[in-house]
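Now for the letters of each chain:
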Amino acid sequence: MPTQKTKKLVLVVEDDSSIAELIQIVLQKHGYKVKICGQGLKVEEMVRTYQPTIILMDLWIPGIDGVKLTKKLKSKTRTKTIPIILISAQNYLSKVVRSVKADGFLPKPFDLDELVKIVNKYCKPA
Amino acid sequence: MIYSTSLQKKLALLNQVILDSVKFQSKKAIFSSFIKAGIKLLKADYGFIWFRTKKASAFTQLYKSSNTPYRPLPPRKKGFMEKVFQMRAVKFIGDSTKSKLIRDDAKKYMKSVAVIPIIYKRERYGNLVICFQRHRIFSAEDKILCAFIGNSASRSITIHNLYFRLKDFKDTLDKTLDSMFIFDPLTLKIEYANDGASDQLGLPREQLYRRTMVEIQESYKHEEFKALLAPLLMQEEKFLTAEGTIKNSRGRHIPIEMFLQYIRTPGRPGKILSIIQDITERKRVEQESQQLLKQKDEFLSIASHELKTPITTIKGFAQLLQANSSFSKNNVQKYFVEKINTQVGILTRLVNDLLDISRIETGKLKFRRRIFELSRLVESVTDNMQMNAAKHRIILKLKGQFWIFGDADRIGQVLINLIGNAIKYSPRARRVIVTLSQYERFAKVSVEDFGIGVDKKKQQKIFERFFQGKRDAETYPGLGLGLYISANIIKSHKGKIFCQSKKTKGTIFSFTVPYKRCRLKKRKN
C-alpha cells in the first residue's frame, strides 16, 4: 500500500453527494486520495490548498459554471498543468471539451471501470 | 357626307344628349332624354317608347311624354312595331289616315308618325315613337337625324349597361375585406386599391393612389421589390407569395403575406395584382407552437439529465456490490445484483432514447464519424447482447469485412435496438440470427427472429415515432422510440432500414450502410 504522502489527490467537483461518494469509494479503492468540492464551496480555493493531481468536474452544478471555471483554471500558469476530466449527462460534448481545453470526458451514467481507466490514464497511482 | 349647318347643329345637340345620358341611373331616364331630344329636333308633339331586348318576345312601354293624349295599346304580334324592330330601319308615315299600319283608335291622335328602331350594331332595344298631331312631310335630313337618334340611344344604353356591369364589379372588389392592390410593375405606382386596403392601412383610397407599393410596406425597398417581381415578369412563376410587414396610420406594425400575380391582357400594359393578408394571428400561433416545442425539448433534456444522475449512482453502487458479491458464495445476492445491473442498463437506454428524440426533433442529433470496421462492431455488440440474453442464442454469420465511415456508437445503437427487439418480440423462440453481408455497394446487417411477426399494414408505420407492436393482445415494454431513432441514424449514414415479416413466423430487420472500397492509409499504421 502506498503511504499517505505518495498518494495522488483527486479533486471531485460534484454537487450530487451520492455520485461524489461513489467516485470517492471507487477511487480510494484504487489508491487515490479524494477531496470533494460540493455546492457552495470555492473550487479555486480548494485547488490552491490541495494542489490535486487531477480534477473531475461535473459541468452542470447550480452556482458553478463548469465551462467557465475550466477555462479559467486552464488559463492560469499555476493550475493549467492539472488534467481536468469533465463529467456530464450530455453524451456529445467533444466540442465543449476541446474549446475549454479539458483533457477528458466522462458521460453519465459511467461505468466504474471507465472512471478508473480515465483517472489512471492521467495519473498513474504511485 | 356634308351636312347642312342646321343638321350639324342638331347632331351636336344629340352628341350632348349622349354624353349627358351616361350619368343617368336608369334606362328610362336615358330613353326619355332621347325622346325629348327627338321631339324637340323634329318639332313633334309627343312620343313614347316601346322597349324590347333581343331575347324578349313582347314590347313594354318604358316611357311616354306627359302630354300624350291617349293610352297607346301594346303593339300587336307581327304588327307594325315588330316589323320596324326586325327591319332595323326608320319608318315614316306622313299621313296616318291613309295608312293601314296605324290602328284606328290611334289615328285620331296622330296625323304623322316617325318610328325609330333603337339599334347600334348588334344591340337592339326597341322603338322610339315620335308623333305629330298635324301632317308632316319628312325630308332626307329628317331620315338621317332619326337614324342618328336611334343609334345614339342604343349606344347610350350599351354604354350604360357596360358601365353598370363594371361598376357592380368594381363595387364588389371595393368592398372585399382582403386588401387588394393593382399596381404598375415598372413604377410600382398603385393604380387601384380597395376599401380593405384602405382600412388595413388606415389611409383613404385617394391617398393610396398617390403612393407606390414600396411606400406602403416596410420590408422591401424599391430595388428589392422589383427583384421580388422578377420571376413574375420573366414568367417563370405564375404567382408569388412573400411575407413582410406594413405600418398602418396608427404606427402599428402588422405582419402580412403578399400574394402577387402578373396579369397581362393583349395589347395592354401588364399589371400586378396584389392581395395582402394580415397574418398576425397565424404568426402568433406559429410562435406559440415553436415556444411549446422549445419548452418540450428543454423539458425532455432537463428530465433526462436529472434522471441520469440517480442512474449513475445506482449503476455505480450496483457494480460495487457485484464486485463484492463475486467473492462471496451467496448466489442469490449475485443474481439480484445482476438483475439490477441489467435493468439499469435498460433504464439508461430509455433515457438516452428520450434525449435522442428531442435531438432528432430539433435537428441536433450529432455524429462522431470516423473509419471503423463493421464486422468487429457487429461481433462485439452481439457478444454483449448474448451476455444479457437469458434464453436466446444469437447466431452470428459474418460474410466479409466492411470499412465504414460513420459513428460506430450510433450504428452499434441501431444493432442493439434490432437485436433487443428480436429478443423482446420472440418470447417463445430460442434463436436470433444476425447476418452481415454485402448488398451492392452497401454493407447489410440483418437480424432475423422467429417471433410474432409484423402485420403487412404496420410494416410501413413501424419506423414512425411512438409506434409499438401489438398493444392489444400481449404487451411489451418500451416507449416505441427505438426504431424511429434507428431509422434516423441510418438515414443520416445514407443507408436504408427495412423490415420483412410473416405473421407468426418471424421478422427480418435489415439496415444498409455504404462501405469504403479500400482501407484508408491511416489505418495501416
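Residues numbered from 1 in each chain as written. Chains lettered and ligands numbered in written order. Predicted model: local features only at pLDDT ≥ 70, side-chain atom pairs only at ≥ 80, totals over all residues. Heavy atoms only, no water.

Visitor: Tell me about a positive patch on the surface, and name the residues and values.
Guide: All names here are of chain B. A cluster of basic side chains, namely Lys-54, Lys-55, Arg-88 and Arg-122, defines a positive patch on the protein surface. Residue position: Arg-122 is located in the loop between β4 (112-120) and β5 (123-132). Taking the relative accessible area as the measure of exposure, Arg-122 reaches 67% and is therefore exposed. (Patch = residues over 30% accessible without salt bridge, like charges linked within 9 Å, V, L, I, M, F, W, Y side chains within 5 Å. Areas by Shrake-Rupley, 256 points an atom, 1.4 Å probe, with all protein chains shown as cover. Salt bridge = Lys/Arg side-chain N within 4 Å of Asp/Glu carboxyl O. Lys, Arg positive; Asp, Glu negative; His and termini not counted. Charge placed at Lys NZ, Arg CZ, Asp CG, Glu CD. Helix = DSSP H or I, 4+ residues; strand = E, 2+ residues; numbered from the N terminus. Buried < 20%, exposed > 50% of the residue type's maximum accessible area, 1.4 Å probe, protein only.)

Visitor: Tell me about empty space enclosed by the protein, and please be specific about residues and values.
Guide: Residue and element names in this part refer to chain B. Per the stated rule, a full pass over the model turns up one cavity of 30 Å³ or more. Empty space within the largest cavity amounts to approximately 280 Å³. Leu-73, Met-81, Leu-101, Arg-103 and Ala-106 are the residues nearest the centre of the largest cavity, which is lined by 19 residues in total. Of all the secondary structure elements, the ones that give two or more residues to the lining of the largest cavity are β1 (46-51), α3 (80-87), α4 (104-107) and β4. (1 Å grid on protein atoms, 1.4 Å probe; cavity = no way out; pocket = protein on both sides within 12 Å on 5 of 7 lines; lining within 4 Å. Points joined across faces, edges and corners; volume = space filled by probe spheres on them.)

Visitor: Got a sec to walk through the interface of chain A and chain B? Specific residues and values, please.
Guide: Residue-level contacts link 19 residues of chain A with 22 residues of chain B. For the chain A and chain B pair, buried surface summed over both sides reaches about 2,000 Å², with 62% attributable to carbon and sulfur atoms. Counting the contacts that link chain A with chain B gives one salt bridge. Applying the counting criterion to the chain A and chain B interface returns three residue pairs in polar contact (both at pLDDT 80 or more). Of all the secondary-structure elements, those providing two or more residues to the side of chain A that touches chain B are α1 (17-29) and α5 (112-122) of chain A. For the side of chain A that touches chain B, the element with the highest residue contribution is α1 of chain A, accounting for six residues. Grouping the amino acids of the side of chain A that touches chain B by side-chain chemistry returns 10 nonpolar, four polar and five charged. (Contact = heavy atoms within 4.5 Å. Buried area = accessible area lost by both parts, 1.4 Å probe. Polar contact = N/O pair within 3.5 Å; in protein donor to acceptor, adjacent residues only side chain to side chain. Nonpolar A, V, L, I, M, F, W, Y, C, P; charged D, E, K, R; others polar.)

Visitor: Please give an account of the sheet that holds strand β1 (residues 8-13) of chain A that cites residues and values.
Guide: All names here are of chain A. Strands sit in the order β2-β1-β3-β6-β7 across an open sheet of five strands; the sheet is parallel. Taken across any chain shown, the strands that pair with only one partner, and hence form the sheet edges, are β2 (32-37) and β7 (104-107). Each strand axis lies, on average, 20 degrees off the axis of its neighbour in the sheet, ignoring direction. Pairing analysis gives four bridges linking strand β6 (residues 84-88) to β7, with the strands arranged parallel. Within β7, the residue paired with Leu-86 across the bridge is Phe-105. Sheet strands in contact with helix α2 (residues 43-50) are β1, β2 and β3 (54-58), and its direction is about 155 degrees off that of β2. Sitting on the sheet, α5 touches β1, β2, β3, β6 and β7, and the angle it makes with β7 is about 170 degrees. (Pairing = 2+ DSSP bridges. Axes fitted to C-alpha atoms, helices over the stretch in contact; angles between N-to-C directions.)

Take it as geometry only, folks, not as evidence of what the structure does.
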